[in-house]
Amino acid sequence: MSLHDDAIAVLESYDGAEAQTQLRDGYLHHLAEHPDGMWKACGAGHLTASALVIDPERGRVLLTLHKKLRMWLQMGGHCEPEDTTLAEAALREATEESGIHGITLLSGGPVRLDRHSIPAPCHEHLDVQYAATVPPGAAERMSDESLDLRWFAYDDVAGVADTSVVRLLESTLARLDGAR
């Protein structure tokens, strides 16, 4: 199965709120119209994969101060040719950008979808957002893609990040509460 096929399967099984369902349908339409819709080279926009890295035991989330966008964001980015699934791409990005090995994606697939404009040459990201937990005693290490890497208490995220990250955290916490 190709990454493009995996993305279609993941999106077809994604069950979100009404607005998320409309967004999901837009993602599926994009993939149907653009066979290259998984790759940065697709001028009409492309899917990306991200993961919000959380430490539920300590009530905190790890955010990166993105070098190009200069915003506090979850870990994530472009799919690579070696990625065979969106989940694998999200996990790879989270591991690379956090420096933490042994991260585990939350079960149940993506937590949210977020479509946003990006400065050229990318123009638009159709982000498939996962959430991941860290192993006990995990120590982060900043990558060269970041200006900073920092843990924030759940309640502090709204003060530093935009609404897309806040919504991702809310959805992640709801999934964690539902798993208990």
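Right above here is the structure, for reference.
Residues numbered from 1 in each chain as written. Predicted model: local features only at pLDDT ≥ 70, side-chain atom pairs only at ≥ 80, totals over all residues. Heavy atoms only, no water.

A look at the overall build of the protein
Just so we agree on the cut-off: The secondary structure listing takes helices from DSSP runs of H or I that are at least 4 residues long and strands from runs of E that are at least 2 residues long, numbered from the N terminus. Values of the radius of gyration come from C-alpha atoms, whereas the globule rule sets the reference at 2.2 Å times the count of residues to the power 0.38. The contact rule is simple, with two residues in contact once any of their heavy atoms fall within 4.5 Å. Accessible areas in this description were obtained via Shrake-Rupley with a 1.4 Å probe; residue shielding takes into account the shown protein chains only. By the counting rule applied here, Lys and Arg register as positive and Asp and Glu as negative, while His and the ends of each chain are not counted. The atoms used to mark charge sites are NZ of Lys, CZ of Arg, CG of Asp and CD of Glu.
Of regular secondary structure, the protein possesses five helices and eight strands. For 180 residues, the compact-globule formula gives about 16 Å, and the C-alpha radius of gyration of the protein, at 15 Å, lands near that figure. When contacts within the protein are restricted to residue pairs at least 6 apart in sequence, long-range pairs at least 24 apart make up 66% of them. Of the roughly 8700 Å² that the protein leaves accessible, carbon and sulfur atoms contribute 51%. For the protein, the distance from the average site of its 15 positive side-chain charges to the average site of its 29 negative ones is 6 Å.

Overview of the packing of helix 1 (residues 3-13) against helix 2 (residues 18-33)
The condition that has to hold: Only C-alpha atoms enter the line fits that serve as axes; for helices the fit covers just the stretch in contact. Angles between N-to-C directions range over 0 to 180 degrees. Note on angle classes: values under 35 degrees are labelled roughly parallel, values over 145 roughly antiparallel, values of 65 to 115 roughly perpendicular, and the remainder oblique. Crossing handedness is read from the near helix: turned anticlockwise from the far helix by less than a right angle, it gives a left-handed crossing, and turned clockwise, a right-handed one.
Close contact between helix 1 and helix 2 brings their axes to 10 Å; oriented N to C, the two are set at 155°. The pairing of helix 1 with helix 2 is recorded here as roughly antiparallel in orientation. Here the hand of the crossing between helix 1 and helix 2 comes out left-handed. Contact residues: His4, Ala7, Ile8, Leu11 and Glu12 in helix 1; Arg24, Tyr27, Leu28 and Leu31 in helix 2.

Observations concerning the pattern of salt bridges
Threshold: The rule for a salt bridge is simple: a side-chain nitrogen of Lys or Arg has to be within 4 Å of a carboxyl oxygen of Asp or Glu. Buried, partly exposed and exposed residues are distinguished by accessible area as a fraction of the type maximum, computed with a 1.4 Å probe on protein chains only: under 20%, between the cut-offs, and over 50%, respectively.
Tallied over the full model, the rule gives eight salt bridges. As a salt-bridge pair, Asp83 and Arg92 come within 2.8 Å of each other at their nearest N and O atoms. With a relative accessible area of 4%, Asp83 lands in the buried category. Of the residues examined, Arg92 reaches a relative accessible area of 15% and is grouped as buried. The network of salt bridges with shared partners includes Asp83, Arg92, Glu93 and Glu96.

Some details on the nonpolar core
Side chains that are nonpolar tend, in soluble globular proteins, to be buried together. The cut-off we apply is this: Remark: nonpolar core denotes a set of buried residues (Ala, Val, Leu, Ile, Met, Phe, Trp, Tyr, Cys) joined through side-chain atoms within 4.5 Å.
Counting 31 residues, the largest nonpolar core has Met38, Leu47, Val53, Leu86, Val128 and Tyr130 as its most contacted members. Among the elements of the structure, helix 1, helix 2, strand 1 (46-55), helix 3 (86-98), strand 7 (123-133) and strand 8 (146-153) are those that each provide at least two residues to this core. Excluding its chain neighbours within four sequence positions, the residues that come into contact with Met38 are Leu3, His4, Ala7, Leu31, His46, Leu47, Cys79 and Leu86. Formed by 18 residues, the second largest nonpolar core is a distinct cluster that contains Leu52, Leu63, Ala131 and Leu176.

Things to note about the packing of aromatic side chains
Threshold: Each Phe, Tyr or Trp ring, with Trp reduced to its six-membered ring, pairs with another whose centre is within 6.5 Å; inter-plane angles below 30 degrees give stacked pairs, above 60 give edge-to-face pairs, and intermediate values give tilted ones. Here, a charge over a ring is recorded when the distance from Lys NZ or Arg CZ to the ring centre is within 6 Å and its angle to the ring normal is within 35 degrees.
In the structure shown here, the tally under the stated rule is one aromatic pair. Judged by centre distance (5.0 Å) and plane angle (80°), the rings of Trp72 and Phe152 are edge-to-face. With Trp72 in strand 3 (residues 72-73) and Phe152 in strand 8, this pair connects stretches of sequence that are 80 residues apart. When the ring centre of Trp151 is taken as origin, the NZ or CZ atom of Arg60, which lies over that ring, is 3.9 Å away.

Considering unusual backbone geometry
The backbone phi angle of Arg70 is positive, close to 55°, even though this residue is not glycine. If you trace the backbone, Arg70 turns up in the loop between strand 2 (60-66) and strand 3.

Side note on helix 1
Inclusion rule: Note: the arc covers the axis-to-C-beta directions of the helix.
All of the buried residues in helix 1 are Leu3, His4, Asp6, Ala7, Val10 and Leu11. Down the axis of helix 1, the smallest arc covering the buried residues is 160°, so these residues share one side. Among the exposed residues of helix 1, those pointing more than 90 degrees away from its buried face are Glu12 and Ser13. Looking at the buried residues of helix 1, the elements they touch are helix 2, strand 1, helix 3, strand 6 (112-118) and strand 7.

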